[in-house]
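Okay, here's what each chain looks like letter by letter:
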Amino acid sequence: GIVKYGSAGFPEGGTDFLRKLSGRKTRQEGYKGMNVKIFIAVVFAGLGFLFVLIGVLLAVFFRKRREKASAIAAATVADVERRSGSDGRSCYYPVFAYYADGIMRRVTSSFGSSPCRYHVGEEVEIHYNAEKPEQIWVERDEGMKKLCCGIFIGLGSLFFVIGVVLGTTGIV
């Protein structure tokens with residue numbers, strides 16, 4: 001088409017033409033880009049902080065439960081409950097039978113695994129809260145609980161660092 005020239009000898013809208021040619025952004029476009037970068041950095045850092053917080057809270061919860069479980073009992077795995085998630089995968093929760101205060105208790109563990117780590121009839125030493133005998137803690141699950149907390153804290157820390165780096169360097 002026909003190009004119209006302005007008074008400065010450049011095509012009309014010449015500054016836009018030159019800006020597009022040079023690849024530079026206007027202040028307004030630069031601010032929009034900066035807002036997106038800050039948003040992405042804040043999202044990464046925020047998610048990272050949230051994951052670290054969840055990992056620390058889980059660790060504190062598990063530690064308190066372990067500390068309160070001062071009584072020890074020999075338990076038998078009476079059953080294994082299979083629960084399916086929304087994705088169709090199964091997780092297996094052992095049901096422990098043990099005596100506390102002379103009463104036979106059956107408690108389903110709140111910590112499941114896949115594949116199943118327990119077998120019906122297996123003898124397991126458990127610790128339970130003497131004030132609330134249905135609150136149990138099994139030494140054998142301690143490693144998995146620490147792994148769970150470590151994954152949350154590790155991934156959270158990674159996301160947080162990525163967010164801080166993105167926010168301070170503007171790499172995005």
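Scroll up a little and you will see the structure.
A quick note: this is a predicted structure, and the numbers were derived from the prediction, not measured.

**Describing the pairing of strand β4 (residues 123–128)**
Argument step 1. Bridge analysis of strand β1 (residues 71–84) against β4 gives six bridges, and the strand direction is antiparallel. From the neighbouring strand, A74 faces β4, where its bridge partner is E125.
Argument step 2. Two strands pair when backbone bridges link them, and β4 and strand β5 (residues 136–138) are joined in this way by three bridges, in the antiparallel orientation. Note on β5: the bridge partner recorded for Y128 is I136.

**Topic: the pattern of salt bridges**
Argument step 1. Tallied over the entire structure, the rule returns three salt bridges.
Argument step 2. A salt bridge links D87 to R89; the shortest N-O distance between them is 4.0 Å.
Argument step 3. For D87, a relative accessible area of 56% corresponds to the exposed category.

**Side note on the sheet that holds strand β2 (residues 90–100)**
Argument step 1. One open sheet holds the five strands; their spatial order is β3-β2-β1-β4-β5, and the pairing between them is antiparallel. If you trace the sheet from one side to the other, it starts and ends with β3 (103–108) and β5, each paired once. Adjacent strand axes in the sheet meet at a mean angle of 40°, parallel and antiparallel pairs treated alike.

**Some remarks on the environment of V77**
Argument step 1. Inspection of the secondary structure puts V77 in strand β1.
Argument step 2. Considered as a pair, V77 and A97 are 20 residues apart in the sequence and their alpha carbons are 6.3 Å apart.
Argument step 3. Those residues in contact with V77 that lie beyond four places of it in its chain are P94, V95, F96, Y118, H119, V120, G121, E122 and V124.

**Overview of the nonpolar core**
Within soluble globular proteins, side chains that are nonpolar generally end up buried alongside one another.
Argument step 1. F96, Y98, V124, I126, Y128, I136 and V138 are the most contacted members of the largest nonpolar core, which has 15 residues in total.
Argument step 2. Where this core is concerned, the elements lending two or more residues are β1, β2, β4 and β5.
Argument step 3. Of the residues forming this core, the biggest block, five residues, is contributed by β1.
Argument step 4. Discounting chain neighbours no more than four positions away, the residues touching F96 are A75, T76, V77, R105, R106, V107, S109, Y118, V124, I126, I136 and V138.

Scoring rules and cut-offs
Residues numbered from 1 in each chain as written. Predicted model: local features only at pLDDT ≥ 70, side-chain atom pairs only at ≥ 80, totals over all residues. Heavy atoms only, no water. Pairing = 2+ DSSP bridges. Helix = DSSP H or I, 4+ residues; strand = E, 2+ residues; numbered from the N terminus. Salt bridge = Lys/Arg side-chain N within 4 Å of Asp/Glu carboxyl O. Buried < 20%, exposed > 50% of the residue type's maximum accessible area, 1.4 Å probe, protein only. Axes fitted to C-alpha atoms, helices over the stretch in contact; angles between N-to-C directions. Contact = heavy atoms within 4.5 Å. Core = buried A, V, L, I, M, F, W, Y, C linked by side-chain atoms within 4.5 Å.

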